[in-house]
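Given next are the chains, with one letter for each unit.
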Amino acid sequence: MSTIIKSTLKLTLRNKGFWFFLIITPLLSVLILNINQENNLAYYSKDDAPHISELSSTDDKVAYYRGGGEYVIKVYDVCQSELSEYLLNKLAENDMFKVCRVRAEDLTKEEADICVEKDGINDRMGAAIYLDESFNQKAINNEDNALTIYILSDDEREKLLIYEVGQCMGRIKAAATMVGTTTLDADTTMDADASMGEKENIMEALKDMDATLPKEEVYKPKDESDNGLTAHQISQKTLMGYAFAFMTLGFVFCGIIVAHTAIKEQKDMVLTRIKLSGIGSYEYFAAKLIVSIIVSMMLTAILGICSFLVDTDAMGMNRLKFIGMIFLLGIIFCSISLLLGSLMGNVMSANVAAFTLWSLSSMLAGLYFPLDYTTKAIKTLSYIMPQKWFVDGTEMILTDDNKAFFMLLCVTVAYLVIIISLGSVGIKFKSSEE
């Protein structure tokens, strides 16, 4: 067996592609951890607090904000006043709505009509709202054209939107009446003298009115998958997922390069001569598996050296835990690649299978985007992917759960048992066919 291990290692080290993946993938994994993307990864978080999502331009799509099934409202806010802010915040407080606001200075009504017509075709939203620069004046004077609502879907929640807007406009008019402001010119500020001593302006009157409204308490069932990560920890977990994706690429193709030696030995009848020497299929596959583990150690060692370029705060864990997780992940994927290559018996097919394995497993494990709102079948399928368990292990480590490494060890052993069983039986079956 030692002779097989030595010869396989020599052949693997002579491969230029092996050295490419050995050096490049650990370096890319470390570089991705150095990227400061905390704000841009906000969509990974589960933020239940009502808020207005800000858009940078009128061309920004709002279809990406439909993750929770909310009724998405795109707002073209030209006024940008306290009253328009009040209106939009009250809409955002309704869990059925998702308010996306673009601060569209100098956007005319005609231009807004064109934008809405284009969005109605190229974007997905429930409705759009246009607030022009005279919104304050028209709202306080209770004019009918204070704002424009565009209904862009057949969703029944449009009636609720119209009702909520009407309620807010009614409160604004009532607040203006309470402070003694019955008319307001476009250039007038909202600091009019109040007729009641405790109220100084319309906004304070609105706050007092809202304080008298019944308070609702929403009880939601506990999400067992939510470990209460902070925004910074969510960023760490997401970047760690990207690092797993790059390292998986290296492990998969390094494992396939080891499998190339087994494919070549099968075609050149070397495997037959090895068996004549008394070594069985189990011992042969075990020798190749040991080489895969050595390759995993080499990749992990390079990653360990490169990891000193990253501060431990970016990883969210100490260096030894990070390296240990990568090593266990490497054992699994190098072994799976070896299994695929040995069973296929063709170099090109093995390479295609390796790339398919890497891309599909990374996507289904949720390394690129969250799977919170996918179907139950997809979520179940994701637990077959090894990376999913390591992402969950990362989350456990970030929350100081000491059971993380025991879980990962059990997962690694489980995969190895399946791989060794299938590999030994597969090689024996292929040999008997030949």
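Look up: the structure comes first, before these words.
Predicted, not measured: the structure shown is a model, and the values here were computed from it.

Caption draft 1: Quick look at the overall build of the protein. For the protein, the helix and strand inventory stands at 16 helices and 5 strands. Sorting the 434 residues of the protein into buried and exposed places 46% on the buried side. In the protein, once contacts between residues fewer than 6 apart in sequence are set aside, the share between residues at least 24 apart is 78%. Of the roughly 22100 Å² of accessible surface on the protein, 59% is carried by carbon and sulfur atoms.

Caption draft 2: Quick look at the sheet that holds strand E2 (residues 71–77). Sheet architecture is open: 5 strands sit in the order E1-E3-E2-E4-E5, paired in mixed fashion. Each having just a single partner strand, strand E1 (53–55) and strand E5 (148–151) make up the two edges of the open sheet. Sheet twist, expressed as the average angle between the axes of neighbouring strands with direction ignored, equals 25 degrees. Bridge count for strand E4 (residues 127–131) against E5 is 4 bridges, and the pairing is antiparallel. Opposite Tyr-130, over in E5, you have Thr-148 as the bridge partner. Docked against the sheet, helix H4 (residues 109–122) engages E2, E4 and E5, running at close to 20 degrees with respect to E5.

Caption draft 3: Here's a closer look at unusual backbone geometry. For Gln-80, which is not glycine, the phi torsion reads 55 degrees and is therefore positive. Inspection of the secondary structure puts Gln-80 in the loop between E2 and helix H3 (82–92). Even without being glycine, Asp-400 reaches a positive phi, approximately 60 degrees. Inspection of the secondary structure puts Asp-400 in the loop between helix H15 (386–398) and helix H16 (404–433). Residue class for Asp-400 comes out exposed when judged on its relative accessible area of 67%.

Caption draft 4: Examining the nonpolar core more closely. Ranked by internal contacts, the top residues of the largest apolar core, which has 67 residues, are Leu-33, Phe-244, Phe-322 and Phe-390. Put simply, the parts of the chain that give this core at least two residues each are helix H1 (2–13), helix H2 (16–33), helix H8 (231–267), helix H10 (281–306), helix H12 (319–344), helix H13 (347–364), H15 and H16. The next biggest cluster of nonpolar side chains, apart from the first, holds 34 residues, and it includes Tyr-71, Leu-83, Ile-172 and Met-209.

Caption draft 5: A look at a nonpolar patch on the surface. A grouping of Leu-13, Trp-19, Phe-20, Ile-23, Ile-24, Leu-27, Leu-28, Leu-31 and Leu-309 is seen on the molecular surface, where their side chains present a nonpolar patch of about 770 Å² in accessible area. It is H2 that provides the largest number of residues to the nonpolar patch, a total of 7 residues. Position of Trp-19 among the secondary structure elements: in helix H2. A relative accessible area of 39% places Trp-19 in the partly exposed class.

Caption draft 6: Layout of the packing of aromatic side chains. One pass over the full model with this rule turns up 7 aromatic pairs. Ring centres of Phe-20 and Phe-21 lie 5.3 Å apart, and the angle between their planes is 80 degrees; on these two criteria the pair is classed as edge-to-face. Among the residues examined, Phe-21 registers a relative accessible area of 15% and is labelled buried. Taking 5.0 Å as the distance between ring centres and 5 degrees as the angle between the ring planes, the aromatic pair formed by Phe-21 and Phe-253 counts as stacked. A residue pair is termed long-range when its members are at least 10 positions apart, and Phe-21 in helix H2 and Phe-253 in helix H8 qualify at 232 residues. Here the two residues Phe-21 and Phe-253 agree in accessibility, since each one is buried. Ring pairs connect the aromatic residues Phe-20, Phe-21 and Phe-253, which therefore count as one cluster.

Caption draft 7: Quick look at H2. With 18 residues, H2 should cover 26 Å at 1.5 Å per step; its first-to-last C-alpha distance of 27 Å lies within 8% of that length. Among the residues making up H2, those that are buried are Phe-18, Phe-21, Leu-22, Thr-25, Pro-26, Ser-29, Val-30, Ile-32 and Leu-33. Projection of H2 onto a plane perpendicular to its axis shows the buried side chains occupying an angular sector of 165 degrees, all on one side. If you check the start of H2, you find a side-chain oxygen 2.8 Å away from the backbone N of Gly-17, and it comes from Asn-15.

Caption draft 8: Examining the pattern of salt bridges more closely. Using the criterion set out here, one finds 13 salt bridges in the structure. Residue Asp-119 pairs with Lys-74 through a salt bridge whose shortest N-O separation is 3.1 Å. A residue pair is termed long-range when its members are at least 10 positions apart, and Asp-119 in helix H4 and Lys-74 in strand E2 qualify at 45 residues. For the pair Asp-119 and Lys-74, a shared accessibility class is recorded, and that class is buried. The shortest N-O distance in the salt bridge between Glu-156 and Lys-159 comes to 3.3 Å. Given the relative accessible area of 56%, Glu-156 is considered exposed. Residues joined by salt bridges that share partners form a network here, namely Glu-54, Asp-77, Glu-85, Arg-101 and Arg-103.

Caption draft 9: Seen up close, the pairing of E2. In terms of residue burial, E2 counts as a mostly covered element, since 7 of its 7 residues are buried. Burial of E2 is two-sided: the residues Tyr-71, Ile-73, Val-75 and Asp-77 facing one way and the residues Val-72, Lys-74 and Tyr-76 facing the other way are all buried. Across 6 bridges, E2 lies against strand E3 (residues 97–102) in parallel orientation. Counted as the bridge partner of Val-72 is Lys-98 from E3. As a crossover connection, the stretch from E2 through H3 into E3 is right-handed.

Caption draft 10: Expanded view of the packing of H3 against helix H6 (residues 157–178). Between H3 and H6, whose axes approach to 10 Å, the crossing angle comes to 140 degrees. Here H3 is positioned oblique relative to H6, judged by the angle of their axes. With respect to the hand of their crossing, H3 and H6 are arranged in right-handed fashion. Across the interface between the two elements, Leu-83, Tyr-86, Leu-87, Lys-90 and Leu-91 of H3 pack against Leu-161, Glu-164, Val-165, Cys-168, Arg-171 and Ile-172 of H6. For the contact of H3 with H6, the residue count by class is 8 nonpolar, no polar and 3 charged.

Parameters and conventions
- Residues numbered from 1 in each chain as written.
- Predicted model: local features only at pLDDT ≥ 70, side-chain atom pairs only at ≥ 80, totals over all residues.
- Heavy atoms only, no water.
- Helix = DSSP H or I, 4+ residues; strand = E, 2+ residues; numbered from the N terminus.
- Buried < 20%, exposed > 50% of the residue type's maximum accessible area, 1.4 Å probe, protein only.
- Contact = heavy atoms within 4.5 Å.
- Areas by Shrake-Rupley, 256 points an atom, 1.4 Å probe, with all protein chains shown as cover.
- Pairing = 2+ DSSP bridges.
- Axes fitted to C-alpha atoms, helices over the stretch in contact; angles between N-to-C directions.
- Core = buried A, V, L, I, M, F, W, Y, C linked by side-chain atoms within 4.5 Å.
- Patch = residues over 30% accessible without salt bridge, like charges linked within 9 Å, V, L, I, M, F, W, Y side chains within 5 Å.
- Salt bridge = Lys/Arg side-chain N within 4 Å of Asp/Glu carboxyl O.
- Phe/Tyr/Trp six-rings, centres within 6.5 Å; stacked < 30°, edge-to-face > 60°.
- Expected span 1.5 Å × (residues − 1).
- Arc of directions from axis to C-beta.
- Polar contact = N/O pair within 3.5 Å; in protein donor to acceptor, adjacent residues only side chain to side chain.
- Right-handed = clockwise from strand over helix to strand, strands pointing away.
- Parallel < 35°, antiparallel > 145°, perpendicular 65-115°, else oblique.
- Left-handed = near helix turned anticlockwise from the far one by under 90°.
- Nonpolar A, V, L, I, M, F, W, Y, C, P; charged D, E, K, R; others polar.

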